[in-house]
Amino acid sequence: MAPPETLAEFIESMIPYALRAGVNLHDFYAMTPAEVILYIKSYADGEERRIKRDAANAYNTAVLVNKAFSGKLKKLYDEFESLFGKEAEEAALNQFKAQMMDFAAGHNSQRGGGDG
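Computed from a prediction, not measured in an experiment: that's the story for all the values here.

I'd like a description of helix H3 (residues 33-69), backed by residues and values.
In this model H3 runs 54 Å from its N-terminal to its C-terminal C-alpha over 37 residues, within 8% of the 54 Å that 1.5 Å per residue would give. Where H3 terminates, the next one or two residues include Gly71, which has phi positive at roughly 75°.

Describe a nonpolar patch on the surface, with residues and values.
Together, Leu93, Phe96, Met100 and Phe103 give the surface a local cluster of nonpolar side chains, amounting to about 420 Å² of exposed area. Checked against the element boundaries, Met100 lands in helix H5 (residues 85-111). When its relative accessible area of 39% is taken as the criterion, Met100 is described as partly exposed.

Break down the pattern of salt bridges for me, citing the residues and quoting the values.
Per the stated rule, a full pass over the model turns up five salt bridges. With a shortest N-O distance of 3.1 Å, Glu48 and Lys52 are connected by a salt bridge. Within this pair, Glu48 and its partner Lys52 are both found in helix H3, separated by four residues, close to a single helical turn. Taking relative accessible area as the criterion, Glu48 reaches 41% and is therefore assigned partly exposed.

Can you break down the nonpolar core residue by residue, with the values?
Listed in full, the eight residues of the largest apolar core are Met14, Ile15, Ala18, Val23, Phe28, Met31, Val36 and Ile40. Sorting the residues of this core by element identifies helix H1 (7-20) and H3 as the ones contributing at least two each. With three residues, the top contributor of residues to this core is H1. Setting aside residues up to four positions removed in sequence, Met31 forms contacts with Val23, Val36 and Tyr39.

Rules of the game
- Residues numbered from 1 in each chain as written.
- Predicted model: local features only at pLDDT ≥ 70, side-chain atom pairs only at ≥ 80, totals over all residues.
- Heavy atoms only, no water.
- Helix = DSSP H or I, 4+ residues; strand = E, 2+ residues; numbered from the N terminus.
- Expected span 1.5 Å × (residues − 1).
- Patch = residues over 30% accessible without salt bridge, like charges linked within 9 Å, V, L, I, M, F, W, Y side chains within 5 Å.
- Areas by Shrake-Rupley, 256 points an atom, 1.4 Å probe, with all protein chains shown as cover.
- Salt bridge = Lys/Arg side-chain N within 4 Å of Asp/Glu carboxyl O.
- Buried < 20%, exposed > 50% of the residue type's maximum accessible area, 1.4 Å probe, protein only.
- Core = buried A, V, L, I, M, F, W, Y, C linked by side-chain atoms within 4.5 Å.
- Contact = heavy atoms within 4.5 Å.

Rendered as structure tokens:
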């Protein structure tokens, strides 16, 4: 495809890219070429970020599958400590509370006492 020779051809050549970027035709014709280019670049940047995120997710999935098959997969909170630090602390606290309640119930039953 030959490059556009006139400004009108250039503007018309941007329509498919602008539509892909979410600009409707009414807004397209109300924008300056610089504004349209800004929308297109912004869309392209977003797509690049999405593709990088998807690639990282695919890689992380492969790593986790490999760890699972080799028996080295940790619990979710341990595997993603930086993401789930608060949840991991909460889960550990809940586990500790449950253990203490079990211990108290066992101790009370040995003493012949009730729950309170």
